[in-house]
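A structural walkthrough
These are the residues of each chain, in order.
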Amino acid sequence: MQTLNEIRSTFLNYYGDHGHAIVPSSPLVPRNDPTLMFTAAGMVQFKNLFTGVETRDYSRATTAQKCVRAGGKHNDLDNVGYTARHHTFFEMLGNFSFGDYFKEEAIPLAWDLLTKGFGIDASKLLVTVYHTDDEAVEIWKKHAGLSDDRIIRIATDDNFWSAGPTGPCGPCTEIFYDHGDHIWGGPPGSPEEDGDRFVEIWNLVFMQYEQFEDGTRRDLPNKSIDTGMGIERVAALLQGTNDNYSTDLMRSLIEASANATSSDPDGPGKTHHRVIADHLRSTSFLMADGVMPSNDGRGYVLRRIMRRAMRHAHLLGAADPLMHRLVPALVAQMGQAYPELGQAQTMIEQTLLQEETRFRQTLDRGLKLLDDELSGLPEGANLSGASAFKLYDTYGFPLDLTQDALREKGRAVDTDGFDDAMAAQKAKARAAWSGSGEAADATVWFDVADKAGVTDFLGYETETAEGKIAALVQDGKTTDTAEAGQTVQIALNQTPFYAESGGQLGDTGVITTTTGTARVTDTRKAAGVFIHFAEVEKGSIYNGQDAVLEVDATRRSAIRANHSATHLLHEALRHALGDHVAQRGSLNAADRLRFDFSHNEAISAQDMARVEAEVNAYVRQNSTVETRIMTPDDARALGAQALFGEKYGDEVRVVSMGTQDGSGKGTDGTTYSLELCGGTHVARTGDIGAFVMLGDSASSAGVRRIEALTGEAALSHLRAQDALLTKTATELKSPATSVPERVRALLDERRSLANEVAQLRRELAMSGGSNAPEAQEINGIAFHAQVLTGITGKDLPALIDEHKTRLKSGAVLLIADTGGKAAVAAGVTDDLIANLSAVDILRAAVAELGGKGGGGRPDMAQGGSPSADNAEAAIAAATTVLKG
Ligand code: SER
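Below is a short write-up of the structure.

What counts, and where the lines are drawn
Residues numbered from 1 in each chain as written. Predicted model: local features only at pLDDT ≥ 70, side-chain atom pairs only at ≥ 80, totals over all residues. Heavy atoms only, no water. Helix = DSSP H or I, 4+ residues; strand = E, 2+ residues; numbered from the N terminus. Rg over C-alpha atoms; globule rule 2.2 N^0.38 Å. Buried < 20%, exposed > 50% of the residue type's maximum accessible area, 1.4 Å probe, protein only. Contact = heavy atoms within 4.5 Å. Areas by Shrake-Rupley, 256 points an atom, 1.4 Å probe, with all protein chains shown as cover. Lys, Arg positive; Asp, Glu negative; His and termini not counted. Charge placed at Lys NZ, Arg CZ, Asp CG, Glu CD. Axes fitted to C-alpha atoms, helices over the stretch in contact; angles between N-to-C directions. Parallel < 35°, antiparallel > 145°, perpendicular 65-115°, else oblique. Left-handed = near helix turned anticlockwise from the far one by under 90°. Pairing = 2+ DSSP bridges. Right-handed = clockwise from strand over helix to strand, strands pointing away. Salt bridge = Lys/Arg side-chain N within 4 Å of Asp/Glu carboxyl O.

**Thoughts on the overall build of the protein chain**
Each helix and strand counted, the protein chain has 23 helices and 32 strands in total. For 884 residues, the compact-globule estimate of 2.2 N^0.38 gives 29 Å, and the C-alpha radius of gyration of the protein chain, at 41 Å, exceeds that figure by more than 25%. Dimensions of the protein chain along its principal axes, counting C-alpha atoms only, are 145 × 60 × 55 Å. Split into buried and exposed, the 884 residues of the protein chain put 54% on the buried side. Pairs at least 24 apart in sequence give 68% of the contacts found in the protein chain among residues at least 6 apart. Total accessible area computed for the protein chain in this model is approximately 38,000 Å², and 48% of it derives from carbon and sulfur atoms. The average position of the 85 basic charges and that of the 121 acidic charges among the side chains of the protein chain differ by 4 Å.

Take a look at the structure:
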């Protein structure tokens, strides 16, 4: 038997041997095609190669592509479990030519692989072609020797393939396998074609055209090939069954489900096991590609699939959550071909467990409500829209889950009534919201959200993507176009740009359409819409255009490193200072991070060093950073740090990083840091590079602030510090290690020299040099008055004292000319202060010098003036005071 894993290898190696590059599967979330909800075919990642927009260093490729068909144009969800071949997740094997070979080589390559490589009996194969494609008919005849009755011409869209409403497309030829007349069904195009006898296994598309939104088509620059073969179907026929769910891979998942519920895989619960096996694959792969359960967009499709599986688990009688227990079986089967699955295993298991635990809390009550409603309804009547809405709103039953439950009972839902109830609720939410006082022009964004839906954020996984412009806004009003030189706010259906929140700044970058370029200077959010603040730099951009979105990756990666470092810092501070440390605010910019937290006193140098060392230890640990979605309560129960005062919805994103090294206190016992956070983070803590704290300061009462750097900025900072040290050492002519001692020695030397200089100045002033005047006798009082240079105001008191000592009894006036200004001091010996005050002498002198005031005690007074120019007059004025 050829296992599914062997079939995949055979296919890829066959085309590899024929000169094709073996290209890995692209993610399930299409980054290069805003018209698609999920990747639903192998050609999606190559769209721009077909249209010639992009070229790569290969012109032939082969892939095994992960595909999800649930939601959007291709949606098989409702049928899964009830048929032999529908899946929400499947793998598509394909070979592609980008202007290299065309039909003449594609058909023989496919035929030879099927008949020789896989050894399929040629007589069981037949094909369809587009009704006008004579060329394909001829190649089939010539190479495969098929007779006319085994080449069926089809005139419908079945043989004209397109991925979405726009993009590359073309006629196709499909290869069918006849499972034999023991199974009911007829060949394609016949009235019995829906039977299971003739099964399409491979679609070869001859890509020739590009379809545009206005309905026009152009010829592609190069004719190309896109083929797609569902691996499950070909595995089924190679394993002798016509049921995809009986292939080795699906069977092992079904058995895992049966074992876990102690039930018979082929018994009455058979459908449930099939649904579970299929949904296990789609949900796990979606999460591995970054989709998380939520209430909008892709995340909601994921949640719908999960809940559908969980109801079937419940119907099997599973007493406890089931889905997460099946993940190891899936990883065992598919982890080798898709390593991302194994890497995300823990996160997938935990998310499934959380979701199932939570959904089970309302599932029973919802099902009871459903039974009650149904028992009151007449035979065959549909469930009212209002009841279905209540199940949705109160019990978390997605509409398709209710429909799935009713299907078994042969009933349907009044979907119009459901839509009305949903619209009424939205209107109510809007009314409540518009009073909430957000940004002034936010009403326009609410309109955009109503019309175009909320923005799907791709930026956790990628920094470039394509999006479709959903609105252009200028001055609070929508507009159709914006031209070079204008500023404009742009909303798109999906974006990799992060909108400012939780302290992390919004992304910047470039948005390009076929007609213009806009530079994004900031990104913010209102009403679930991501608003790109932009300036059109070239040409014009138009509402409705497809656009290429490129985040400034260097800036974002610096922001990411800072944000992740903030989480590590938070935990390290809790370890060093205590559990009272709680986040009070943060800033994650490209050049630095800032973290405010509750704490009452300055942080000691020792604690700072400890915190910095601990953060760096976890950086070096280089553990993966993981995110999960859960309820706020569950997150708190795990010990996650929540931001004080922040409002959380009914689900939160939890970011964990670092594994306890045994020394830390930790949160959930093994994880180092666990925080509620919507921001973007590094993949591994090692990506932070390095962490350097700049210092701690008081931010407000009871709140400290730490600023820090990471990665390149941290290194540049250290390098700059080092350069300063080197420069200092060079100036000091000493090795860097001796700089502190040298500086200390120099400071000591300077202090003693300064003392010495002061002493010398005083001595010089006392000796008076050659121009020292003798003391005069005024009114019987010895009076020494002198103008000094080369000394400062600080030297005056000591000089006054010395003159007083020398005079024994008398008065002194000293005017220090300090260059542009003057310092003045007066003194009177104690024996005279009863009748004479130094303050009076000083004031009289200062007034003459053009200064104001001055003061002190009767024995000593000091003051200053703008200049010493009138020193003579000042001395004369002092003399007058002495004269009484
Ligand atoms: N794009 C085509 C399909 O999905 C062939 O790969 O069927």
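What follows picks up the thread again.
**Observations regarding the packing of helix H7 (residues 270–288) against helix H8 (residues 297–315)**
For any two helices packed against each other, one specifies the crossing angle of their axes together with the interaxial distance. In contact at an axis separation of 9 Å, H7 and H8 are set at 150 degrees when each is read in the N-to-C sense. Relative to H8, the element H7 is oriented roughly antiparallel. At the point where H7 passes H8, the crossing takes the left-handed sense. Contacts between H7 and H8 involve His272, Val275, Ile276, His279, Ser282, Thr283, Leu286 and Met287 from the former and Leu302, Ile305, Met306, Arg308, Ala309, His312, Ala313 and Leu315 from the latter.

**As for the pairing of strand E5 (residues 151–154)**
Of the strand pairs in this sheet, strand E4 (residues 125–130) and E5 are connected by four bridges, and their pairing is parallel. From the neighbouring strand, Val129 faces E5, where its bridge partner is Arg153. In this view, the connection linking E4 to its parallel neighbour E5 by way of helix H4 (residues 134–144) has right-handed handedness.

**Quick word on the sheet that holds strand E22 (residues 626–630)**
Neighbouring strands of a sheet are bound in pairs by backbone hydrogen bonds; such pairs are parallel or else antiparallel. A sheet is described by the order of its strands in space; here three strands give the open sequence E22-E23-E24, paired in antiparallel fashion. Of all strands in the sheet, those bounded by a partner on one side alone are E22 and strand E24 (671–676). Averaged over all pairs of adjacent strands, the angle between their axes in this sheet comes to 25 degrees, without regard to strand direction. Here five bridges tie E22 to strand E23 (residues 652–659), and the two strands are oriented antiparallel to one another. Residue Met630 lies in a different strand from E23, and its bridge partner there is Val652. Set on the sheet, helix H16 (residues 553–577) makes contact with E23 and E24; between it and E24 the angle comes to about 115 degrees. Where helix H17 (residues 605–621) meets the sheet, it contacts E23 and E24, and its direction lies at approximately 90 degrees from that of E23.

**Structural notes on the pattern of salt bridges**
For the coordinates displayed, the defined rule picks out 48 salt bridges. A salt bridge links Glu135 to Lys103, with the shortest nitrogen-to-oxygen separation between them at 3.3 Å. In this pair, Glu135 sits in helix H4 while Lys103 sits in helix H3 (residues 103–117), placing the two residues 32 residues apart along the sequence. Here Arg610 and Asp607 are joined by a salt bridge, their closest N and O atoms 4.0 Å apart. You can see Arg610 and its partner Asp607 sitting in helix H17, three residues apart, about one turn around the helix. Arg610 sits in the partly exposed class, given a relative accessible area of 42%. Among the ionic contacts, a cluster of salt bridges with common partners joins Arg308, Arg311, Asp404 and Glu408.

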